[in-house]
Amino acid sequence: MSQLERPDRSTALRPLPKPGIMDIAPYKPGKAHVEGIAHPLKLSANENVLGSSPLARKAFVEAIDQLHLYPDGRSNLLRAAISVRYGLAPDGLLFGCGSDEIFQLLSQTFLEPGDNIIQGEYGFGAFAISARAAQGEVRFAREINYRIDVDEVLSLVDSRTRLIFIANPANPTGTVVTGSEIRRLHASLPPSVILVLDGAYAEFATDPDFENGATMVRDFKNVVMTRTFSKLHGLAALRVGWAYMPPEMADAVDRIRLPFNVNIPAQLAAVAALGDEDFQARSLALVSEWRPWLVQQLGGMGLAVVPSQANFLLIGFPTTPGRTALEADAFLSARGLIPRVVAGYGLPDHLRITIGLEAHNRAVAEALDDFMQGKPA
Ligand SMILES: *Cc1c(COP(=O)(O)O)cnc(C)c1O
């Protein structure tokens, strides 16, 4: 319904949501189940296939004695741990129920109706939802070779632009914008525009030209870096994300944050996970070993794999009947391997697959080889 046809909410016969809410497409998570298969392997959400750190698990269990208590609303233990680990000023840190909440807080704090955000063409859905909930407009910058293009982003900036969300590495493409390109983007922005660098997969990036943005946060007044415990640290269930931003920005955003947004088991497990260097190293090693292997295997089958700097691959399928992404999804699912359908991200001919354990990766490669050869599932 267009702006003009909107009914008068005060005389409506039932309560109507404010304009824009019903235009938001509900977020559709990746599949977690396959009918008729008892324990399929979920490779659709980029979760840590090693599970979570034994130290984090122990901390979570020990938190059982504190279930009657409200958490520390400032997440001070976690704040100190992150500050020390990454050398960041504690008053620039902000914690959220996943980084999803941080995106929402940023949109709520900085957008008013008519303002806009910019994100990549295939960008992560959470940015757009947060902006639309704040009655902001979402602008999608065309990507070139599945990579966010700085000039395309800049061409969309106008006087109502408040936030630019760049997931780096990006999801679902896995590509990165190099540090020098990010700096060029920043240098061309008005100082009133916030550049949000979502580093959900930052730890997996091995490209020497990648930069996570922490130094830029320190050096400028309009850069935010977000991070999460959901991927490398394997704590997606606990919902812990954080952001590093200029202290005056944190002071503003913190005013609308729910006071107890990160629960006690989550805070304690996150602190323990951060200290478990061994688990982090094993998780990274798995991806750095199997990512190139899988790229090579799939490339050899004629599939178009997008070069990834994250813990997943975006795979392009032919449009020939029998070889399409949709059919590949059904084929893999029938073998108990669940990929992420990314048609909702504007990529109907692709599937996204999390890098798994050795056996998982071999099963994926074998299944896709059979699929491409037209064998039965
Ligand atoms: C998984 C992911 C996140 C992390 O979200 P949480 O709410 O912290 O679990 C953030 N950004 C992108 C692009 C992601 O893929």
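Residues numbered from 1 in each chain as written. Predicted model: local features only at pLDDT ≥ 70, side-chain atom pairs only at ≥ 80, totals over all residues. Heavy atoms only, no water.

Before going further, it helps to examine the domain arrangement of the protein. Assigned domains within the protein: domain 1 (31-50 + 278-372) and domain 2 (54-275). Averaged C-alpha coordinates put domain 1 and domain 2 at centres separated by 26 Å. Listed as interface residues are 24 residues of domain 1 and, on the opposing side, 29 residues of domain 2. Summing the contributions of domain 1 and of domain 2, the shared interface buries around 2000 Å²; its carbon and sulfur component is 61%. Summed over the three residues of domain 1 that lose the most area to domain 2, namely Gln280, Gln309 and Tyr345, the buried surface amounts to 34% of that side. The interface formed by domain 1 and domain 2 includes 0 salt bridges. The interface formed by domain 1 and domain 2 includes 13 residue pairs in polar contact (both at pLDDT 80 or more). (Domains from an automatic or database assignment. Contact = heavy atoms within 4.5 Å. Buried area = accessible area lost by both parts, 1.4 Å probe. Salt bridge = Lys/Arg side-chain N within 4 Å of Asp/Glu carboxyl O. Polar contact = N/O pair within 3.5 Å; in protein donor to acceptor, adjacent residues only side chain to side chain.)

Now for the pairing of strand β3 (residues 116-120). Of all 5 residues in β3, 5 are buried, a share of seventy percent or more. Pairing of β3 with strand β4 (residues 137-141) involves 5 bridges; the strand directions are parallel. Across the sheet, the residue bridging to Ile118 is Arg139, located in β4. Handedness of the β3-helix α4 (residues 125-133)-β4 crossover: right-handed. Of the strand pairs in this sheet, β3 and strand β7 (residues 161-167) are connected by 4 bridges, and their pairing is parallel. Note that in β7 the partner of Gln119 across the bridge is Phe165. (Buried < 20%, exposed > 50% of the residue type's maximum accessible area, 1.4 Å probe, protein only. Helix = DSSP H or I, 4+ residues; strand = E, 2+ residues; numbered from the N terminus. Pairing = 2+ DSSP bridges. Right-handed = clockwise from strand over helix to strand, strands pointing away.)

Pairing is mixed across the open sheet formed by 7 strands, whose spatial order is β2-β10-β9-β8-β7-β3-β4. Each edge of the open sheet is held by one strand with a lone partner, namely β2 (93-97) and β4. Between one strand and the next, the sheet's axes are offset by a mean angle of 25°, whatever the strand orientation. Across 5 bridges, the pairing between β7 and strand β8 (residues 194-198) is parallel. Bridged to Ile164 within β8 is Leu195. (Axes fitted to C-alpha atoms, helices over the stretch in contact; angles between N-to-C directions.)

The next subject is the site of the ligand. For the ligand, the set of nearby residues contains 13 residues, the closest of which are Ser99, Asp198, Thr228, Ser230 and Lys231. Note that an oxygen atom of the ligand is positioned 2.6 Å from one of the backbone N or O atoms of Ser99. Contacts to the ligand include Lys231, whose side-chain N or O atom sits 3.3 Å from an oxygen atom. Across the complex, the protein chains shield 94% of the 390 Å² of accessible surface that the ligand would expose by itself. Here the shell around the ligand takes 3 residues from helix α3 (residues 98-110), the largest share from any one element. Among the residues making up the shell around the ligand, the classes are represented as 4 nonpolar, 5 polar and 4 charged. (Near = heavy atom within 4 Å. Areas by Shrake-Rupley, 256 points an atom, 1.4 Å probe, with all protein chains shown as cover. Nonpolar A, V, L, I, M, F, W, Y, C, P; charged D, E, K, R; others polar.)

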